[in-house]
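# Chain and residue survey
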Amino acid sequence: MILVSACLLGSNCKYNGGNNEVTTLLDLLQGQDIRQVCPEVAGGLPIPRPPAEIIDGDGFDVLAQKARVMNIKGEDVTENFLKGCQEMLKGINLDEIDFAILKEKSPSCGVRKIYTGEFNGTLKPGTGVGAAFLKKKGVTVYSEEDLEKIKDRLN
Ligand code: SF4
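Residues numbered from 1 in each chain as written. Predicted model: local features only at pLDDT ≥ 70, side-chain atom pairs only at ≥ 80, totals over all residues. Heavy atoms only, no water.

Another point: the overall build of the chain. Helix and strand content of the chain: 6 helices and 8 strands. Here the C-alpha atoms of the chain give a radius of gyration of 14 Å, agreeing with the 15 Å that 2.2 N^0.38 yields for 155 residues. Oriented by its inertia axes, the alpha-carbon framework of the chain measures out at about 45 × 30 × 25 Å. Taking the intrachain contacts of the chain between residues at least 6 apart in sequence as the baseline, contacts between residues at least 24 apart amount to 61%. (Helix = DSSP H or I, 4+ residues; strand = E, 2+ residues; numbered from the N terminus. Rg over C-alpha atoms; globule rule 2.2 N^0.38 Å. Contact = heavy atoms within 4.5 Å.)

Okay, here's the thing in structure tokens:
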């Protein structure tokens, strides 16, 4: 089973009600056993919702309770993000998961890049909360920027 960020597959679960569909990825995943995940919605956040960023750290720091996730209105949504991690894996055994493909730059799904927490469009190296959760569980996590690696993995 391959876990995939739902927005990459065209689901309108993004904070602004849109999606991040990647047609090449859809083509690549034809016929594969896919489970769509959206940790933010699974954690109880609505669509649309105010954008959120991790303040003073990354997803690993949030899991270690050393950083928080705040939305642009100043509301602390950390608990939703943490709940979303648990919900994302509900009913799945870890050994059923081959790997995951998550949306780069998201505070939940970002694999190598996230926003700085200043809400000014600046990125920093780091991992989102859901991606960090999966990595800690030993799941290999790719992003939509790793199409060549994903192709190799599927062959
Ligand atoms: S939480 Fe992940 S799956 Fe959901 S909209 Fe954001 S990037 Fe996409």
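The structure having been displayed, the exposition proceeds.
This brings us to the nonpolar core. If you look at the biggest cluster of nonpolar residues, it comprises 27 residues, and the most contacted ones within it are Leu3, Val69, Leu102 and Leu134. Contributing elements (two or more residues each) for this core: β3 (52–55), α4 (78–88), β5 (99–102) and α5 (129–136). Residue contributions to this core peak at 4 residues, all from α5. Those residues in contact with Leu3 that lie beyond four places of it in its chain are Arg35, Val37, Leu89, Ile92, Ile97, Phe99, Ala100, Ile101 and Leu134. Membership of the second largest hydrophobic core comes to 12 residues, among which are Leu9, Phe99, Leu147 and Ile150. (Core = buried A, V, L, I, M, F, W, Y, C linked by side-chain atoms within 4.5 Å. Buried < 20%, exposed > 50% of the residue type's maximum accessible area, 1.4 Å probe, protein only.)

A few words now on the environment of Ser143. You can see Ser143 is positioned in strand β8 (residues 141–143). Residue Ser143 is classed as buried on the basis of its relative accessible area, which comes to 0%. C-alpha of Ser143 to C-alpha of Met1: the two residues are 142 residues apart in sequence and 16 Å apart in space. Once residues lying within four places of it in the same chain are set aside, the contact partners of Ser143 are Ile101, Leu102, Glu104, Val111, Arg112 and Ile150. From its side chain, Ser143 meets the backbone nitrogen of Glu145 in a polar contact 2.9 Å long. (Polar contact = N/O pair within 3.5 Å; in protein donor to acceptor, adjacent residues only side chain to side chain.)

Here the focus is the site of the ligand. The environment of the ligand is formed by 14 residues, the closest being Cys7, Cys13, Val37, Cys38 and Cys109. Of the residues belonging to the shell around the ligand, the class tally is 7 nonpolar, 3 polar and 4 charged. (Near = heavy atom within 4 Å. Nonpolar A, V, L, I, M, F, W, Y, C, P; charged D, E, K, R; others polar.)

Moving on, we get to the environment of Glu145. Assignment of secondary structure puts Glu145 in the loop between β8 and α6 (147–154). Taking relative accessible area as the criterion, Glu145 reaches 42% and is therefore assigned partly exposed. When the C-alpha positions of Glu145 and Leu102 are compared, they lie 9.5 Å apart, and in sequence the two are 43 residues distant. Apart from the residues lying within four places of it in its own chain, the contact partners of Glu145 are Glu104, Lys105, Arg112 and Lys113. Reaching out from Glu145, the side chain makes a polar contact with the side chain of Lys113 at a distance of 3.0 Å.

Purely geometric numbers; function is a separate question.
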